[in-house]
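Examination of the molecular architecture
Below are the chains, spelled out letter by letter.
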Amino acid sequence: KKQQDEDDTTTTTKRNDEDEFTLPTIDGIEFVNYINEEQLDDVMRLVGQDLSEPYSVFTYRYFLHRWPQLCILAVPTDDDDDDANKTTEGVGENRRQ
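First things first, this report covers the structure right here in the doc. (Residues numbered from 1 in each chain as written. Predicted model: local features only at pLDDT ≥ 70, side-chain atom pairs only at ≥ 80, totals over all residues. Heavy atoms only, no water.)

Evaluation of the coordinates by the stated rule reveals three aromatic pairs. Between the aromatic rings of Y62 and W67, the centroid separation amounts to 6.0 Å while the plane-to-plane angle is 80°, which identifies the pairing as edge-to-face. Looking at W67, the relative accessible area reads 30%, which means it is partly exposed. Aromatic rings pair up to connect Y62, F63 and W67 into one cluster. (Phe/Tyr/Trp six-rings, centres within 6.5 Å; stacked < 30°, edge-to-face > 60°. Buried < 20%, exposed > 50% of the residue type's maximum accessible area, 1.4 Å probe, protein only.)

Counted as a void, the second largest pocket has a volume near 160 Å³. Taken together, V43, V47, L51, Y55, T59, Y60, F63, L64, W67, L70 and C71 form the lining of the second largest pocket. Counting only elements with at least two residues in the lining of the second largest pocket, the list comes to helix 1 (40–48) and helix 2 (57–66). With four residues, helix 2 is the largest single contributor of residues to the lining of the second largest pocket. For the lining of the second largest pocket, the class distribution of residues is 10 nonpolar, one polar and no charged. (1 Å grid on protein atoms, 1.4 Å probe; cavity = no way out; pocket = protein on both sides within 12 Å on 5 of 7 lines; lining within 4 Å. Points joined across faces, edges and corners; volume = space filled by probe spheres on them. Helix = DSSP H or I, 4+ residues; strand = E, 2+ residues; numbered from the N terminus. Nonpolar A, V, L, I, M, F, W, Y, C, P; charged D, E, K, R; others polar.)

Interaxial distance between helix 1 and helix 2 falls to 11 Å at its minimum, and their mutual angle equals 105°. It follows from the interaxial angle that helix 1 and helix 2 lie roughly perpendicular. In this structure, helix 1 uses L40, V43, M44, V47 and G48 to contact helix 2, whose residues at the interface are V57, Y60, R61 and L64. A per-class count over the contact of helix 1 with helix 2 returns seven nonpolar, one polar and one charged. (Axes fitted to C-alpha atoms, helices over the stretch in contact; angles between N-to-C directions. Parallel < 35°, antiparallel > 145°, perpendicular 65-115°, else oblique. Contact = heavy atoms within 4.5 Å.)

Shown next as structure tokens:
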């Protein structure tokens, strides 16, 4: 569940009826929850970069179908926006250091 705040600087997302957290709004990037299988290849590619061994598609499906609200994707809103692409790539690079 997602709700845009009045000041348009944050997005509130609910994991369940008790937990609520706020995502920042970044120009050129939209945060979206996992919705369906069309996003599965992207999730597998992103997560697979940091794994010590590959997992089967069934493992990803198990977790994504049970807890889709825990998978938040940063999606560039403009395909030509190089800054948004660099930001999402940089986040992964910084996490590995």
